[in-house]
Amino acid sequence: FIWSCFPPLLCLLIIVREPETGVCERRIVGCTLVATWGFRLTHNFVSRGGVGHEDWRYSDMRRTFGRHFWWASLFSVFLGQAAFLFSACLSLYGVLCAPEPLTATDAAGAAVC
């Protein structure tokens with residue numbers, strides 16, 4: 001669930017922290033793409049059982065690691081995903097704080113999303 005909530009929240013925090021860029025097309029496109037991605041992830045999460053449902057991968061890890069599951073999940077799931085999510089969101093700062101108008105590279109990036 002953190003994958004769908006953290007990036008849109010980070011967009012808002014960046015915009016509040018860096019208000020001098022103002023409202024520009026780059027910010028609108030970036031925030032729209034991130035919000036759409038977050039909505040899609042949330043929809044998939046809810047449609048697969050939501051909070052009360054344990055993902056099959058965690059069930060497999062629990063069986064494989066037994067009483068050491070919490071160590072394995074701490075490093076492979078929680079800390080690993082947090083580091084990956086943070087690094088994936090680093091580009092948001094550049095996207096949302098750049099005052100330049102949109103370019104062909106921006107259009108190509110938006111099209112890939």
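Residues numbered from 1 in each chain as written. Predicted model: local features only at pLDDT ≥ 70, side-chain atom pairs only at ≥ 80, totals over all residues. Heavy atoms only, no water.

Novice: Which residues make up a nonpolar patch on the surface, and what values do they have?
Specialist: A surface patch of nonpolar side chains, about 470 Å² in accessible area, is lined by Trp70, Trp71, Phe75 and Leu79. Within the secondary structure layout, Phe75 lies in helix 4 (residues 69-97). (Patch = residues over 30% accessible without salt bridge, like charges linked within 9 Å, V, L, I, M, F, W, Y side chains within 5 Å. Areas by Shrake-Rupley, 256 points an atom, 1.4 Å probe, with all protein chains shown as cover. Salt bridge = Lys/Arg side-chain N within 4 Å of Asp/Glu carboxyl O. Helix = DSSP H or I, 4+ residues; strand = E, 2+ residues; numbered from the N terminus.)

Novice: Give me the packing of aromatic side chains: which residues, what numbers.
Specialist: Summed over all chains, the structure comprises 4 aromatic pairs. Ring geometry for Trp3 versus Trp37: centroids 6.4 Å apart, planes at 80°, classification edge-to-face. With a gap of 34 residues between them, Trp3 in helix 1 (residues 2-17) and Trp37 in helix 2 (residues 25-47) connect regions that are remote in the sequence. A relative accessible area of 33% means that Trp37 is categorised as partly exposed. In this structure, Arg62 is placed above the aromatic ring of Phe69, and the distance from its NZ or CZ to the ring centre is 4.3 Å. (Phe/Tyr/Trp six-rings, centres within 6.5 Å; stacked < 30°, edge-to-face > 60°. Buried < 20%, exposed > 50% of the residue type's maximum accessible area, 1.4 Å probe, protein only. Lys NZ or Arg CZ within 6 Å of the ring centre and 35° of its normal.)

Novice: A description of the environment of Leu9 should follow, citing residues and the corresponding values.
Specialist: Tracing the sequence through the fold places Leu9 in helix 1. Note on Leu9: relative accessible area 46%, which makes it partly exposed. In sequence terms Leu9 and Val34 are 25 residues apart; their C-alpha atoms lie 9.7 Å from each other.

Novice: Requested: an account of the packing of helix 2 against helix 4, with residues and values cited.
Specialist: Taken N-terminus to C-terminus, the directions of helix 2 and helix 4 make an angle of 145°; their axes are 8 Å apart at the nearest point. Across the interface between the two elements, Arg26, Arg27, Gly30, Cys31 and Val34 from helix 2 touch Leu92, Val95 and Leu96 from helix 4. Tallied by class, residues from the contact of helix 2 with helix 4 come to 5 nonpolar, 1 polar and 2 charged. (Axes fitted to C-alpha atoms, helices over the stretch in contact; angles between N-to-C directions. Contact = heavy atoms within 4.5 Å. Nonpolar A, V, L, I, M, F, W, Y, C, P; charged D, E, K, R; others polar.)

Novice: Could you give an account of the environment of Gly66, naming the residues involved and the relevant values?
Specialist: If you trace the backbone, Gly66 turns up in the loop between helix 3 (56-65) and helix 4. Residue class for Gly66 comes out partly exposed when judged on its relative accessible area of 37%. For the pair Gly66 and Thr42, spaced 24 residues apart in sequence, the C-alpha separation works out to 30 Å.

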